[in-house]
Each structure stands twice: as C-alpha cells, then as structure tokens.
Amino acid sequence: MKKWVIECILYTVYMVFGATWATTGAVMPQIMSDFNVDVSHAALMSNVILWAKIAGAVCTAILVSRLGNRNAYALGCVMIGSSVLIPFISDFTLLLIIRFLGGLGGAICLVSLVPTVASFFENRMAALLNSINCTSNIIGTIIALTLAGYLSLLLNGWRNLLAVYGLITIVLGIIWWLCIPDEEQPQIRHASVDYSQRMAILKDIMLSRIVWGMIIQYTGAMIMMVFMFTFLPLYYAKYASLPADSCAHLSATFNQAGILMGALAGPYFKNRGFNYKSWLFTSSIFMAVTTFAMLFATNDFVILTCSFMTGGIFATWFAFIFSIPKERLQDASTEKVTYAMSVFWVCTFILATINSQLIGWSIDLTGGFATGFTYIFCLMVISPVVALFIFPSETPQ
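Residues numbered from 1 in each chain as written. Predicted model: local features only at pLDDT ≥ 70, side-chain atom pairs only at ≥ 80, totals over all residues. Heavy atoms only, no water.

(A) Layout of the overall build of the chain. Regarding its fold elements, the chain presents 18 helices and zero strands. Per-residue burial over the chain gives 53% buried out of 397 residues. Considering only contacts within the chain whose residues lie at least 6 apart along the sequence, 83% involve residues at least 24 apart. Put simply, the chain shows about 17,500 Å² of open surface, and 69% of that area lies on carbon and sulfur atoms. (Helix = DSSP H or I, 4+ residues; strand = E, 2+ residues; numbered from the N terminus. Buried < 20%, exposed > 50% of the residue type's maximum accessible area, 1.4 Å probe, protein only. Contact = heavy atoms within 4.5 Å. Areas by Shrake-Rupley, 256 points an atom, 1.4 Å probe, with all protein chains shown as cover.)

(B) Just the packing of aromatic side chains, in detail. Throughout the structure, instances matching the rule amount to 19 aromatic pairs. By way of ring pairs, the aromatic residues Y218, F314, W317, F318 and F344 are connected into one cluster. One residue, R70, lies across the ring of W177, its end atom 3.7 Å from the ring centre. (Phe/Tyr/Trp six-rings, centres within 6.5 Å; stacked < 30°, edge-to-face > 60°. Lys NZ or Arg CZ within 6 Å of the ring centre and 35° of its normal.)

(C) View of the confidence of the model for the chain. On average, residues of the chain score 81 in pLDDT, and 88% of them reach the 70 mark or higher. Averaged pLDDT values for the elements of the chain fall to 66 in helix α6 (residues 123-133) and rise to 92 in helix α8 (residues 158-179). Scored below 50 in pLDDT, residues 183-193 shows 18 contacts in the model against residues more than four places distant or in partner chains. (pLDDT = per-residue confidence, 0-100.)

(D) Structural detail: the packing of helix α12 (residues 251-271) against helix α14 (residues 300-315). One can describe the packing of α12 onto α14 by two numbers: an axis separation of 6 Å at closest approach and a directional angle of 35 degrees. As for the relative orientation of α12 and α14, their crossing is right-handed in sense. On the side of α12, the interface is formed by S251, F254, N255, A257, G258, I259, M261, G262 and A263, while α14 contributes I303, L304, S307, F308, T310, G311, G312, F314 and A315. Residues that form the contact of α12 with α14 fall into these classes: 10 nonpolar, eight polar and no charged. (Axes fitted to C-alpha atoms, helices over the stretch in contact; angles between N-to-C directions. Left-handed = near helix turned anticlockwise from the far one by under 90°. Nonpolar A, V, L, I, M, F, W, Y, C, P; charged D, E, K, R; others polar.)

(E) Here's a closer look at a nonpolar patch on the surface. Nonpolar side chains collect at one region of the surface, where F254, M261, L264, F308 and M309 lie side by side and expose about 490 Å² of accessible area between them. Elements supplying a minimum of two residues to the nonpolar patch: α12 and α14. The dominant element in the nonpolar patch, judged by the number of residues it contributes, is α12, at three residues. Counting through the fold element by element, F308 comes out in helix α14. Relative accessible area serves as the criterion here: at 35%, F308 is assigned to the partly exposed category. (Patch = residues over 30% accessible without salt bridge, like charges linked within 9 Å, V, L, I, M, F, W, Y side chains within 5 Å. Salt bridge = Lys/Arg side-chain N within 4 Å of Asp/Glu carboxyl O.)

(F) Summary view of the nonpolar core. One finds W158, F227 and F314 to be the most contacted residues of the largest nonpolar core, which totals 117 residues. If we ignore the near neighbours within four places in the chain, the residues touching F314 are Y218, A221, M225, I259 and M287. (Core = buried A, V, L, I, M, F, W, Y, C linked by side-chain atoms within 4.5 Å.)

(G) Representation of unusual backbone geometry in the model. Phi angles above zero are rare outside glycine, and N156 is one such case at about 65 degrees. Along the chain, the position of N156 falls in the loop between α7 (136-154) and α8. Classification of N156 by relative accessible area gives exposed; the value is 67%.

(H) Local environment of helix α13 (residues 276-296). In this model, α13 (21 residues) spans 30 Å end to end at C-alpha, consistent with the 30 Å of a helix rising 1.5 Å per residue. Sitting at the amino-terminal end of α13 is N275, which places a side-chain oxygen 2.9 Å from the backbone nitrogen of K277. (Expected span 1.5 Å × (residues − 1). Polar contact = N/O pair within 3.5 Å; in protein donor to acceptor, adjacent residues only side chain to side chain.)

(I) Focus on the side chain of T316. Residue placement: T316 occurs in the loop between α14 and α15 (317-321). By relative accessible area, which is 6% here, T316 ends up buried. If near-sequence neighbours (up to four positions away) are discounted, T316 is found in contact with G262, G266 and W279.

Spelled out as structure tokens, the structure:
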C-alpha cells in the first residue's frame, strides 16, 4: 500500500509543478501589469524555470548521492513550495529567484521519478507507471490553462494561486518524507563508477551522433510546446484581434489534450515496428503543417483542430525518442543511458531558453507575433531535416 502512496506523490508533485509553470503564461497580462514589465521580462517567469532545469539536470545526481533519494526529493518539494512566499514580495527580481528555486526543485523531482519507481515496482509495472508519470506535467498544464483565470479570481489573485500550489507541494513533500525512511530505499543508491570511467562515458555521449540527433530533432517541437503555455495565451488576450466569442484561447488546452492521446498511441506504433528515424521525420512534416495552420489561421475550428493534432503527433515521439539511447547506444549501461539523457535535457533546455527569449524580444521589437510565429515554424521544419542527417545508420553506435 505504501508504494502506491509514493507513486501518487510522485505523480501529483510533478502535476502541481506543471500547473505552477504553465500558470505563468495564463496570467502573464496580470504579471506585466503588477510589476510594470514588458513581454520579454514577464517571459523570464517561465524561462528561469528552464534555466533552473538546466542546473538541476547537472546537479541532481550529486544531491541524490549525497543526501539519499528520500531527503533529496523532500528538498525538491520544499524548493517548489517556495512559491508560498510570492504573495509577500513586490520586487520582480525576488520573484524570479523564487521561480528559479522552484525550477531546481522540479528538476530534482523529475530526475527522481524513474529510479524511485524502479525501486518499488517490478519491471512490467514500472514501465507502465513511467509512461503514466509522463502525463503528470501535461495534466498540470491543462489545469493551469483551463482554470488559472477562475482560480485566480477565487483565491484573490495569481500570487495566492501560486502560493497554494506551493503549499500543496510542501505537504506532499512531508508525506513523502514520512513514507520513505532511509532504510526502505531498496537499490536506489548504487556503487558509482570511478572518475576516469565517468569521463570516458561522458566523452562518448558528447560525441554521439545519436544523442545530438535527438537534441536537434527535439529543438523545434520543444519551443513550440513552451510557446503554447507562455506566449500563446498573451497572443489571444492582447494581439489576435479575434471576435469576442472566439474559442481560440483554448488552443493550448486542445494541444495538451492531443498530447495525452498521442502519448497513448505512440507505443502502439512503435510496437508495430516503425523505424524511429522514418517515424520522427515523417511525423515532423505533418506536425509542421498543423503548427503553421494553428499559428496563422483565424478560424476557430482550424485553430483548435490543428492544435490537437500538433500535440498528438508530437506525443507519439515519446515512445520512440526516449527509447533510442537504450536501444541504439553501444554497451548501453544504466550509467551511459543516464548520461545520455542528462546531456539531452541540458542541451534541450538551453536551446529552449534561448529560443523563448528571442521570441519575447521579437514581440517587443515588432509589436506583434508574426516574426515569432515564423521563427517557430522555421525551427520545426529545419530541425528534423538536420536531425535526419545527424542520426547514424541503423547499426548500433
């Protein structure tokens, strides 16, 4: 029974973190008004979380090895819960610091998902739960995009809403700490390889065409996903000039719903024997078309349908792209796969942060979204083409 409580905590914590992150985009006009900042500065509310995830992807393994999984995860919950302080601050820099701490906490909790599930569940159940846990952030994003406005009014402002999310996370962290005594962490800590071996593995990963192909493939889609819950709500609120009764503001929600469906469909296509390179490239072509229509259309039906399709196509990648290191790297030990995913996430978050900031600047400079939309579309077209040439031949690396 206790292991299922632990699984519920794992899922709920990252779901709440996803809601906290996505709420920023939903309430960006209020943030801009309350702190008297422009779009690029308001976008820092989300971008600092990306920066924190970059740092977190690098240092989480060290924290877990030093503190143990129980204490490291509890610390991550406390960091996410630092948003309880937001109602008491009026300085934008302090707000960014709190968001950065929350991002670090989110990185710790994200990295802890797989090893914790593997420690408490047998392989077949662990695989299923890892797939389910991938939807936690999506559910949190849907909650934020659909209910942020209502919850902000109910709780007397976006600050209080973020504080409530933080309080929930702290409570979950306490329950986690009580449920997992140190002596009940089976196999979480493993003997580490020595320094020279770690450096050799890291060198192999840094030179791996497989890993860099994954990074490039993901670049365009990643900025599209970040854009959906950071800039798109602002676009429909202030720039779109759509009719008052337009439902286009629901496009991000439809996109996330599509991701949920695609995440379930992806394993089916993978089990049917589709090759990862052909699937990623072909689906990228369709996704570029639906993204273009989603961003530039003015008809609600087209916008919402293409938003759903874009999310669904993207989510089919999960079953393919996150299986590549284990299936394609030569001598794919646990350590090597871990290093591969660390490099993947660090580089992906760096590129997403840079691209997101460039889009924010383009909005401030041009007074509109056309340049940003074009930039996203170009990335989504170029990334899979470049990745196709970077990925190696079918023989294991």
